[in-house]
Amino acid sequence: MEQMNKDRFHSKNMANAYNKMCQLLVPGYDLMQDTLIEFLKFNNLRDLILLDLGAGSGILIEKVLKEFPDSSCYYLDFSDDFMSVAKEKLHKYEDRVTYIKSDFCGSWELEITKKPNVITSTSAIHHLSNENKKKLYGKCYTALEDDGWFFNIDEMKTLSEEAHLKNLHYWVYHAQKQKDTLSSDSLDAYNGWMEKFDNWKKRNVDNIHLPKKEGDDIHESFLVQLDWLNEIGFQETDIFCKYFLWGMIAGKKVSKDL
């Protein structure tokens, strides 16, 4: 997989702003992650070993470590700044977290000493080209323990271009209206987040007609991506949660001995 230009992700200020603001400014952020956790509880997954791809400031990992006291997690991200924020957040769980610095194109699987039974990603894989998305899904299938689950929570196209465009506009509307709910001591983080978000708006709304390149926001239909999971060998695939631009697709790696 070809490396992407990742400069815009390297900033301690951005990492801190994202950590403080994403649950407020990304529509459905907690809904998606909390649904994932409920799914894991419902399926009674034991001895949980979770690998989070593009783990950012560690929000999902923190939720998993709290909800599953016997769990352990692999944190994977290429950004030193985000990893620094995550280590501060996850300090009390440090004996249950293994940190891997890598992008999706790296040989991160070589640093995994025990196969995960859950692989997750939140708002990260859409930066890959479609070809590299599918390659990563295949890599996740190989890395998973038998009967393990893969989940991707991400920005995805929906059933029509018109609906997709409306979902893009909704995020702009949602983020802008949250400013009125904030206290004055949160405005710096909000403004820092919105400065980066304005670039997202330029790429995806104002210049939606321009071609995409690796590292941009390359949105693909959740239906197409479910087809990829099926082709790779995942079973029980579905979109388990959807909220405007965001969808949570998942599939299970069923043991070949069955």
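Preceding this paragraph is the structure being described.
The numbering scheme is per chain: residues are counted from 1 as the chain's sequence reads. Since the coordinates come from a predicted model, pLDDT governs what is reported: local features require at least 70, and pairs of side-chain atoms require 80 or more to be given and counted, while whole-chain, interface and lining totals use all residues. To obtain the side-chain values, all non-hydrogen atoms of the structure were used and water was disregarded.

Here's the deal with the overall build of the protein chain
Secondary structure summary: the protein chain contains 8 helices and 7 strands in total. In this setup the radius of gyration rests on C-alpha atoms only. A globule is expected at 2.2 Å times the number of residues raised to 0.38. In terms of overall dimensions, the protein chain is globule-like: its C-alpha atoms have a radius of gyration of 18 Å, near the 18 Å expected for 258 residues. Over its C-alpha atoms, taken along the principal directions, the protein chain stretches across nearly 55 × 45 × 35 Å. Across the protein chain, every contact between residues at least 6 apart in sequence was considered, and the portion connecting residues at least 24 apart equals 74%. Per-residue and other accessible areas were derived by the Shrake-Rupley procedure at a 1.4 Å probe size, with only the shown protein chains allowed to occlude residues. Split by element, the accessible area of the protein chain, about 12200 Å² in all, is 48% carbon and sulfur. By the criteria applied, helices consist of DSSP H or I runs no shorter than four residues and strands consist of E runs no shorter than two, each listed in order from the N terminus. Any two residues whose heavy atoms approach within 4.5 Å at even a single point are treated as in contact.

A closer look at a nonpolar patch on the surface
Here a patch means residues that are over 30% exposed by relative accessible area and free of salt bridges, tied together within 9 Å if like-charged and within 5 Å if nonpolar (Val, Leu, Ile, Met, Phe, Trp, Tyr). Salt bridge, as used here, is a side-chain nitrogen of Lys or Arg placed within 4 Å of a carboxyl oxygen of Asp or Glu. Judged by side-chain polarity, Leu31, Tyr243 and Phe244 come together as a nonpolar surface patch covering roughly 240 Å² of accessible area. Exposure categories follow from relative accessible area, calculated using a 1.4 Å probe and restricted to protein chains: below 20% of the type maximum is buried, above 50% is exposed, and the middle band is partly exposed. For Tyr243, a relative accessible area of 31% corresponds to the partly exposed category.

Here we look at the sheet that holds strand β4 (residues 118–122)
A pair of strands is labelled paired if DSSP reports no fewer than 2 bridges between them. Within the open sheet, the 7 strands sit side by side as β3-β2-β1-β4-β5-β7-β6. Their pairing is mixed. Two strands bound the open sheet, and with one partner strand each, they are β3 (97–101) and β6 (235–243). Sheet twist, expressed as the mean angle between neighbouring strand axes with direction ignored, is 15 degrees. In the sheet, strand β2 (residues 72–77) pairs with β3 via 5 bridges, with the strands oriented parallel. Among the inter-strand pairings, Tyr74 is bridged to a residue of β3, identified as Thr98. Here, axes are lines fitted to C-alpha atoms. For helices the fit covers the stretch in contact, and angles between N-to-C directions go from 0 to 180 degrees. Across the sheet, helix α2 (residues 29–42) touches β4, β5 (149–155), β6 and β7 (246–252), and the angle it forms with β6 is around 150 degrees. Contacting β1 (49–53), β2, β3 and β4, helix α3 (residues 59–67) runs over the sheet at an angle of about 180 degrees to β2.

Digging into helix α5 (residues 130–143)
Here, expected helix span is obtained from the residue count minus one, scaled by 1.5 Å. Compared with an ideal rise of 1.5 Å per residue, which puts 14 residues at 20 Å, α5 spans 20 Å between its outermost C-alpha atoms and is within 8% of the ideal. Listed in full, the buried residues belonging to α5 are Asn132, Lys133, Leu136, Tyr137, Lys139, Cys140, Tyr141 and Ala143.

Section: unusual backbone geometry
Positive phi is not limited to glycine here, since Asn44 has a value of about 55 degrees. Tracing the chain through its elements places Asn44 in the loop between α2 and β1. The partly exposed category is assigned to Asn44, whose relative accessible area is 45%. In this structure, Glu236 is a non-glycine residue whose phi angle is positive, near 55 degrees. Assignment of secondary structure puts Glu236 in strand β6.

Let's talk about the nonpolar core
By size, the foremost hydrophobic cluster in this structure holds 53 residues, and its most contacted members are Ile61, Phe151, Trp171 and Trp193. Here the element with the most residues in this core is helix α7 (residues 187–206); it accounts for 7 residues. Beyond its immediate stretch of four places on either side in the chain, Phe151 contacts Leu36, Phe39, Leu40, Val118, Ile119, Thr120, Ser121, Met248, Ile249 and Ala250. Nonpolar cores are built from buried Ala, Val, Leu, Ile, Met, Phe, Trp, Tyr and Cys residues. Side-chain atoms within 4.5 Å join them into one set. Among the nonpolar cores identified, the runner-up in size contains 27 residues, and Ile49, Ile119, Leu128 and Trp228 belong to it.

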